[in-house]
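The residues making up each chain are set out below.
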Amino acid sequence: MARTITFNKLREIKNQLPEGSVHAIAEKLGIEVQSVRNYFGGTDYDAGTGMGIHVEPGPDGGFVTLEDTTILDMALEILAGQGK
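Okay, so let's go over this structure.

The rules we used
- Residues numbered from 1 in each chain as written.
- Predicted model: local features only at pLDDT ≥ 70, side-chain atom pairs only at ≥ 80, totals over all residues.
- Heavy atoms only, no water.
- Pairing = 2+ DSSP bridges.
- Helix = DSSP H or I, 4+ residues; strand = E, 2+ residues; numbered from the N terminus.
- Axes fitted to C-alpha atoms, helices over the stretch in contact; angles between N-to-C directions.
- Core = buried A, V, L, I, M, F, W, Y, C linked by side-chain atoms within 4.5 Å.
- Buried < 20%, exposed > 50% of the residue type's maximum accessible area, 1.4 Å probe, protein only.
- Contact = heavy atoms within 4.5 Å.
- Arc of directions from axis to C-beta.
- Parallel < 35°, antiparallel > 145°, perpendicular 65-115°, else oblique.
- Left-handed = near helix turned anticlockwise from the far one by under 90°.

**A few points about the sheet that holds strand S1 (residues 3–6)**
- As summarised here, the arrangement of the three strands in space is S1-S3-S2, forming an open sheet in which the pairing is antiparallel. The open sheet has two edge strands, S1 and strand S2 (53–56), and neither has a second partner. Adjacent strand axes in the sheet meet at a mean angle of 25°, parallel and antiparallel pairs treated alike.
- Sheet topology places S2 next to strand S3 (residues 63–66); four bridges connect them, and they run antiparallel. The partner of Glu56 across the bridge, within S3, is Phe63.

Structure (structure tokens):
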């Protein structure tokens, strides 16, 4: 199911992740690390693929619609385990 959040909130979640979390998510899902970074707003498509996000202009960096929330859900689980 798709989910919409602000771009700034998506980046905030990524920035709060402990060192190595992006690599751990990529490894668990069997995808490129850069693809996980692209999910969180990166744009290096030579080293990774787009991950089904759509950005629309708006306040707080715009609105991001995530077609698949698996990566976001994993990131939130990591943060919950950290007490954040």
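There is more to say after this.
**Thoughts on the nonpolar core**
- The biggest cluster of nonpolar side chains holds 18 residues, and the ones touching the most others in it are Leu10, Val36, Phe40 and Leu72.
- Those elements giving two or more residues to this core turn out to be helix H1 (7–16), helix H2 (21–29), helix H3 (33–39), S3 and helix H4 (70–81).
- Apart from residues no more than four positions distant in its own chain, Leu72 is found in contact with Arg3, Ile5, Leu10, Ile13, Tyr39 and Leu66.

**Regarding H2**
- Considered for burial, the residues of H2 that qualify are Ser21, Val22, Ile25 and Ala26. The buried residues of H2 occupy an angular sector of 135° when the element is viewed end-on, so they sit on one face. Facing away from the buried side of H2 by over 90 degrees, the exposed positions are Glu27 and Lys28.
- Those residues of H2 that are buried are in contact with H3 and H4.

**A short note on the packing of H1 against H4**
- The N-to-C vectors of H1 and H4 enclose an angle of 50°; their axes lie 10 Å apart at closest approach. Classified by the angle their axes make, H1 and H4 are oblique. Like other packed secondary-structure pairs, H1 and H4 cross with a definite hand, here left-handed. On the side of H1, the interface is formed by Leu10, Ile13 and Gln16, while H4 contributes Leu72, Ala75, Leu76 and Leu79.

**A few points about the environment of Val64**
- Inspection of the secondary structure assignment puts Val64 in strand S3.
- What makes Val64 buried here is its relative accessible area of 0%.
- Residues Val64 and Lys9 lie 55 residues apart in sequence; the distance between their C-alpha atoms is 9.5 Å.
- In contact with Val64, not counting residues within four places along its chain, are Arg3, Thr4, Ile5, Thr6, Phe7, Leu10, Ile53, His54 and Val55.

All we've got here are geometric facts, nothing functional implied.
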